[in-house]
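A structural walkthrough
So the chains spell out like this:
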Amino acid sequence: MTLYSDPSRTEATASAADAPDEGLRRTLGVGRRSFLSTCTAVAAGAVAAPVFGAGPALAQDADRGNPHEPGQGGQILVPADKRGIILYTVRDATARDPLATDLPSGFREVFKQLARHGYRQVEFAGYRQHANAPGGANLETVEGARLLRSWLDEYGLRAQGNHGFIPPSWPLTTADLDTFKKHLEIANIIGMDHMGTGGDPTGSSYRADWDVAADKWNALGEIARREGIKLYTHNHDSAYGFLLDGGPLDDQGRPTRSSGIRKLEYFLKITDPRVVWLEMDIFWAHVAQYKFHTYTAHDGSTRKNVFDPAGLVARNNKRYPLFHAKDGVVSTTNGMGYDMVPFGTGVIDYTTFFSRVGQRNYHNPMVEDDNSPSATDPAQSLREAKISYDNMAALRKRRR
């Protein structure tokens with residue numbers, strides 16, 4: 001395993017309790033009153049609820065008079081050509097039988113509707129649709145990719161990625177390598193700059209397993225780079241939990257305590273920045289902020305380290321070309337701190353997040369809501385896609 005490092009990167013391993021008040025307040029994006037309340041909760045030994053900033057500006061609250069986008073004012077945080085959606089959000093629509101409904105169904109009609117909403121980018125979550133839709137059920141072929149590209153071009157859309165095939169084998173089997181190369185060919189035909197997966201590099205908490213995952217991803221990333229594709233991995237909350245890398249060993253010889261470095265932070269450090277990229281799911285990163293705020297250090301002491309999603313991106317900006325932009329409302333009962341809702345209707349402070357990470361012409365945020373499809377309201381997912389688009393388009397940098 002080769003260790004890669006970025007001289008501009010700093011480790012997020014210091015105890016949050018040792019941070020200056022102003023620094024922590026700025027990190028979390030909270031006001032003085034919220035900050036003092038948070039400190040009180042921490043002093044009591046528990047974080048009982050997520051730390052929230054002000055909610056994002058909604059479409060109806062947008063300023064006026066921006067020459068770049070008529071009727072809107074202030075600096076646009078997500079440029080029009082960067083507003084995207086992962087098709088998993090509208091998976092019920094692509095899977096619908098066009099012979100049984102008047103609603104958009106299949107990739108082509110869904111692309112048409114998303115373009116009407118204003119979207120300019122999509123991220124795939126596989127290439128299957130209803131068998132009665134144009135092109136048939138399975139478009140995971142060269143011919144299917146050409147059809148998809150023609151429909152994307154027809155409606156002025158661009159594909160920016162796919163949650164698709166990452167070989168399960170390591171070392172790679174010949175069959176897995178061939179399938180991986182086929183997916184790279186499909187990605188190139190469709191016109192993607194990026195190709196990735198919807199899962200974490202490994203579900204383990206142990207450093208040795210992340211070392212193996214890094215070796216695998218470095219190798220896969222190099223193969224992808226030779227084909228002109230940036231390979232990316234996606235996160236859920238667990239990947240921003242703390243790495244187990246020291247302290248006493250358990251009965252299987254595995255470490256039981258942590259240095260305070262988070263698993264994906266370690267992955268960033270030991271993977272080659274020229275070939276391995278990441279897509280931050282901002283919702284799950286905030287769930288990690290809620291869940292993983294203390295750890296047991298190698299010496300047995302309990303230490304605090306409040307996760308700062310935007311800070312991690314800012315320190316590794318070019319490693320994060322893609323985001324999943326999903327929103328949440330407070331939940332004190334589900335163990336995650338948040339319930340998913342359409343973008344712009346929750347409490348995650350996207351105005352602050354996008355302002356802090358900057359690089360607005362580099363990042364590609366994809367709206368996602370796992371819960372948009374409805375068993376009783378077949379029009380819901382595409383309707384909520386429009387709500388999410390309008391709220392993303394309305395985001396403006398706050399005037400100082």
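Preceding block: the structure.
Predicted model, so just to flag it, every value in this text is computed and none were measured. (Residues numbered from 1 in each chain as written. Predicted model: local features only at pLDDT ≥ 70, side-chain atom pairs only at ≥ 80, totals over all residues. Heavy atoms only, no water.)

Each helix and strand in the protein was counted, giving twelve helices and 14 strands. The buried share among the 400 residues of the protein stands at 52%. Counting only carbon and sulfur atoms, one obtains 49% of the accessible surface of the protein, whose full area is about 17000 Å². (Helix = DSSP H or I, 4+ residues; strand = E, 2+ residues; numbered from the N terminus. Buried < 20%, exposed > 50% of the residue type's maximum accessible area, 1.4 Å probe, protein only. Areas by Shrake-Rupley, 256 points an atom, 1.4 Å probe, with all protein chains shown as cover.)

This part takes up the environment of Thr 179. Structurally, the position occupied by Thr 179 is in helix H6 (residues 174-190). According to the relative accessible area criterion, Thr 179 is partly exposed, its value standing at 29%. C-alpha of Thr 179 to C-alpha of Phe 165: the two residues are 14 residues apart in sequence and 7.8 Å apart in space.

Applying the stated rule across the entire model yields 17 aromatic pairs. Between the aromatic rings of Tyr 350 and Phe 353, the centroid separation amounts to 6.4 Å while the plane-to-plane angle is 65 degrees, which identifies the pairing as edge-to-face. Of this pair, Tyr 350 and Phe 353 are both found in helix H11 (residues 350-357), three residues apart, which corresponds to roughly one turn of the helix. For the pair Tyr 350 and Phe 354, a centre-to-centre distance of 5.6 Å together with 40 degrees between the ring planes defines the contact as tilted. Here Tyr 350 and its partner Phe 354 are both found in helix H11, four residues apart, which amounts to about one turn of the helix. Look at Phe 354 and you get buried, because its relative accessible area is 6%. If you follow Lys 230 out to its NZ or CZ, it ends over the ring of Trp 277, 4.6 Å from the centre. The ring of Tyr 362 is capped by Lys 318, whose NZ or CZ atom sits 4.0 Å from the centre of that ring. (Phe/Tyr/Trp six-rings, centres within 6.5 Å; stacked < 30°, edge-to-face > 60°. Lys NZ or Arg CZ within 6 Å of the ring centre and 35° of its normal.)

Regular strands show a simple pattern: their side chains alternate between the two faces of the sheet. Both strand E6 (residues 246-249) and strand E7 (residues 255-257) contribute to a ladder of two bridges, which runs antiparallel. Note on E7: the bridge partner recorded for Leu 249 is Pro 255. As consecutive antiparallel partners, E6 and E7 are separated by five residues, and within that stretch Gly 253 has a phi angle of approximately 80 degrees, a positive value. (Pairing = 2+ DSSP bridges.)

Here the focus is helix H4 (residues 106-117). When the terminal C-alpha atoms of H4 are compared, their 17 Å separation across twelve residues agrees well with the 16 Å that a helix rising 1.5 Å per residue should span. Of the residues making up H4, those classed as buried are Gly 106, Phe 107, Val 110, Phe 111, Gln 113, Leu 114 and His 117. Packed against the buried residues of H4 are strand E1 (84-86), helix H3 (91-94), strand E2 (121-124), helix H5 (142-154) and helix H12 (380-393). Once H4 ends, the next one or two residues include Gly 118, with phi positive near 120 degrees. (Expected span 1.5 Å × (residues − 1). Contact = heavy atoms within 4.5 Å.)

The subject of this paragraph is the packing of H6 against helix H7 (residues 207-226). Their axes nearest at 10 Å, the elements H6 and H7 cross at an angle of 45 degrees. In terms of orientation, H6 and H7 fall into the oblique class. For H6 against H7, the interelement crossing comes out right-handed. For the pair formed by H6 and H7, the contact residues are Leu 177, Phe 180 and Leu 184 on the first element and Leu 220, Ile 223 and Ala 224 on the second. Considered class by class, the residues forming the contact of H6 with H7 number six nonpolar, no polar and no charged. (Axes fitted to C-alpha atoms, helices over the stretch in contact; angles between N-to-C directions. Parallel < 35°, antiparallel > 145°, perpendicular 65-115°, else oblique. Left-handed = near helix turned anticlockwise from the far one by under 90°. Nonpolar A, V, L, I, M, F, W, Y, C, P; charged D, E, K, R; others polar.)

The nonpolar side chains of a soluble globular protein tend to be buried, and buried together. If you look at the biggest cluster of nonpolar residues, it comprises 79 residues, and the most contacted ones within it are Phe 111, Val 122, Phe 124, Ile 190, Met 280 and Phe 354. Here Met 280 is in contact with Asn 235, Tyr 240, Ala 285, Pro 309, Leu 312, Val 313, Tyr 320, Leu 322, Phe 323, His 324 and Phe 353, once residues within four sequence places are set aside. Core analysis: the second largest hydrophobic core is formed by five residues, Tyr 232, Trp 277, Tyr 362 and Met 366 among them. (Core = buried A, V, L, I, M, F, W, Y, C linked by side-chain atoms within 4.5 Å.)

Let's shift gears to the sheet that holds E2. What the eight strands build is an open sheet, ordered E3-E2-E1-E14-E11-E8-E5-E4; its pairing is parallel. Only two strands of the sheet have a single partner each, and these edge strands are strand E3 (158-162) and strand E4 (194-196). Neighbour-to-neighbour, the strand axes of the sheet open up by a mean angle of 30 degrees, direction not taken into account. The sheet contact formed by E1 and E2 spans three bridges and is parallel. In the strand pairing of E2, Ile 85 is matched with Val 122. Across the sheet, H6 is in contact with E2, E3, E4 and strand E5 (230-234); its angle to E4 comes to roughly 145 degrees.

The next point concerns the pattern of salt bridges. Counted under the stated rule, the structure contains 18 salt bridges. Of the charged contacts in the structure, one is a salt bridge between Asp 92 and Arg 96, with a shortest N-O distance of 3.8 Å. When its relative accessible area of 18% is taken as the criterion, Asp 92 is described as buried. The buried category is assigned to Arg 96, whose relative accessible area is 11%. The salt bridge involving Asp 308 is made with Arg 356; its shortest N-O contact spans 2.9 Å. One end of the pair, Asp 308, is in the loop between strand E10 (302-304) and helix H10 (309-315); the other, Arg 356, is in helix H11, and 48 residues separate them in sequence. Ionic contacts of the salt-bridge type, sharing partners, join the residues Asp 281, Lys 326, Glu 368 and Asp 370 into one network. (Salt bridge = Lys/Arg side-chain N within 4 Å of Asp/Glu carboxyl O.)

Below, the discussion takes up the environment of Pro 171. Tracing the chain through its elements places Pro 171 in the loop between E3 and H6. The exposure class assigned to Pro 171 is exposed, which follows from its relative accessible area of 65%. Each C-alpha atom of the pair Pro 171 and Asp 215 lies 9.8 Å from the other, and the pair is 44 residues apart in sequence.

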